[in-house]
Amino acid sequence: SPSNDRYGVELASVAIEAYQVMPSRKNLYEQAAQEADVLLKKDPNSFDGHRLRGDVLVIDRKYDDALSELRKANAVHSNDPNVVLAMAQILFEQNHDREGEQLVQQFLTVRKDFPPIYDLLERHYVRIQRSAEAVSLLQSEIAALPKNARPRLQLAGLYRSSGRYREMTQELTRIVNDRSDFPDGPAQVGDFHADFRKWDD
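Going along each chain's sequence as written, the residues are numbered from 1 onward. The predicted origin of the model limits local features to residues at a pLDDT of at least 70 and limits the giving and counting of side-chain atom pairs to 80 or more, whereas totals for whole chains, interfaces and linings rest on all residues. Just so you know, side-chain values use all the structure's heavy atoms and leave hydrogens and water out.

## Notes on the overall build of the chain
Reasoning step 1: The way it works is that DSSP assigns letters per residue, a run of H or I at least four long becomes a helix, a run of E at least two long becomes a strand, and they are numbered from the N terminus. Assigned secondary structure in the chain consists of 11 helices and 0 strands.
Reasoning step 2: Going from N to C terminus, the chain has its helices and strands arranged as α-α-α-α-α-α-α-α-α-α-α.
Reasoning step 3: A principal-axis box enclosing the C-alpha atoms of the chain has dimensions of 60 × 35 × 30 Å.
Reasoning step 4: In this scheme, a residue with accessible area under 20% of its type's maximum is buried, one over 50% is exposed, and one in between is partly exposed, where area comes from a 1.4 Å probe on protein chains only. Counting all 201 residues of the chain, 42% fall into the buried class.

## A closer look at the packing of aromatic side chains
Reasoning step 1: Ring pairs shown here join Phe, Tyr and Trp side chains whose ring centres sit within 6.5 Å, with only the six-membered ring taken for Trp; geometry is labelled stacked below 30 degrees between planes, edge-to-face above 60, and tilted in between. Summed over the entire model, instances satisfying the criterion amount to 3 aromatic pairs.
Reasoning step 2: Measuring from centroid to centroid gives 6.3 Å for Phe107 and Phe114, while their planes differ by 75 degrees, and the two rings are edge-to-face.
Reasoning step 3: Given a relative accessible area of 0%, Phe107 falls into the buried group.
Reasoning step 4: A relative accessible area of 13% places Phe114 in the buried class.
Reasoning step 5: Criterion for a charge above a ring: Lys NZ or Arg CZ within 6 Å of the ring centre, and within 35 degrees of the ring normal. Directly above the aromatic system of Tyr29 lies the positively charged group of Lys26, at a separation of 5.7 Å from the ring centroid.

## Quick notes on unusual backbone geometry
Reasoning step 1: Phi is positive for Arg61, close to 60 degrees, though the residue is something other than glycine.
Reasoning step 2: Mapped onto the fold, Arg61 is located in the loop between helix 3 (47-59) and helix 4 (63-76).

## Quick look at the pattern of salt bridges
Oppositely charged side chains may form a pair once their charged atoms are brought near each other.
Reasoning step 1: One side-chain nitrogen of Lys or Arg within 4 Å of one carboxyl oxygen of Asp or Glu is enough to make a salt bridge. This structure, assessed with the given rule, holds 14 salt bridges.
Reasoning step 2: A salt bridge links Arg150 to Asp119; the shortest N-O distance between them is 2.5 Å. With a gap of 31 residues between them, Arg150 in helix 9 (residues 149-161) and Asp119 in helix 7 (residues 115-127) connect regions that are remote in the sequence.
Reasoning step 3: Look at Arg150 and you get partly exposed, because its relative accessible area is 44%.
Reasoning step 4: One salt-bridge network, in which partners are shared between bridges, spans Asp48, Arg51 and Asp55.

## Regarding the nonpolar core
Reasoning step 1: Counting 42 residues, the largest nonpolar core has Leu108, Ile117 and Leu172 as its most contacted members.
Reasoning step 2: At 9 residues, helix 5 (residues 81-93) tops the list of elements feeding residues into this core.
Reasoning step 3: Contact between two residues is taken to exist if any of their heavy atoms lie within 4.5 Å; hydrogens are not considered. Every residue in contact with Leu172, bar those within four places of it in the chain, is listed here: Leu153, Ala156, Val189, Phe192 and His193.
Reasoning step 4: The next biggest cluster of nonpolar side chains, apart from the first, holds 14 residues, and it includes Ala12, Ala18, Ala32 and Ala33. Nonpolar cores are built from buried Ala, Val, Leu, Ile, Met, Phe, Trp, Tyr and Cys residues. Side-chain atoms within 4.5 Å join them into one set.

## Describing the side chain of His50
Reasoning step 1: With respect to the helices and strands, the residue His50 is situated in helix 3.
Reasoning step 2: Here a polar contact means two N or O atoms within 3.5 Å. Within protein one must be a hydrogen donor candidate and the other an acceptor candidate, and residues neighboring in sequence count only if both atoms are side-chain atoms. Looking at His50, its side chain comes within polar contact range of the main-chain oxygen of Pro44, at 2.8 Å.
Reasoning step 3: Once residues lying within four places of it in the same chain are set aside, the contact partners of His50 are Leu40, Pro44, Asn45, Glu69, Lys72 and Ala73.

## Notes on the packing of helix 4 against helix 5
Reasoning step 1: Two elements in contact, helix 4 and helix 5, have axes whose closest approach is 10 Å; the angle formed by their N-to-C orientations is 150 degrees. Compared by their axis directions, helix 4 and helix 5 come out roughly antiparallel. You can see that helix 4 and helix 5 cross each other, and the crossing is left-handed. Of helix 5, the residues touching helix 4 (which contributes Tyr63, Ala66, Leu67, Leu70, Arg71, Ala73 and Asn74) are Val83, Val84, Ala86, Met87, Ile90 and Leu91. The axes used here are C-alpha line fits, helices contributing only the stretch in contact, and every angle between their N-to-C directions lies in the interval 0 to 180 degrees. Reported orientations rely on four angle classes, namely roughly parallel under 35 degrees, roughly antiparallel over 145, roughly perpendicular from 65 to 115, and oblique for the rest. In a left-handed crossing the near helix is turned counterclockwise from the far helix by less than a right angle, and in a right-handed crossing that turn is clockwise.

## Looking at the environment of Leu153
Reasoning step 1: Checked against the element boundaries, Leu153 lands in helix 9.
Reasoning step 2: Distance from Leu153 to Phe192, taken between C-alpha atoms, is 7.3 Å for residues 39 residues apart in sequence.
Reasoning step 3: Once you skip the residues sitting within four places of it in the chain, Leu153 turns out to touch Leu172, Ile175, Gln188, Val189 and Phe192.

This is how it looks when you write it as structure tokens:
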């Protein structure tokens, strides 16, 4: 189906993911770069063309150029989760913290069901020692994704690191006791304790 760009886009996306695991496979990099060129030659405003070119430029560590391409993709199709995630990663990497935070917060007013964007902002808050905002963010994620145990475990970890053991225990107990929403809750909480070498727990 040579006239259908969808398959080429999907192949290029997979090639980028595979190249990050196997950077010696230059053909994977070239697959994505070539597909971006093909798409942008057909349509200079191609969302996938700009997105793929941005991803390739990130691999090349040309972050300013990558951000420019990703902004173009976002202008064509705003609030695509993977584009916003890539843009925010670059902004935080380049210490454009305010712009990165604004981008993520604006995205979260539209999409509340994409855990990687919460994870990115939470790591950022922890790194710059804004733990109260990290806690508030995780509480918002829990409210948005009430059947996902992961943000609850992350919140318990934050409570533990700040010595708030009572709140940590409350979060872990909720996971263990709610077998309807968290059927694997005991195992997940067991793994949580094992990470901190609390073998008896």
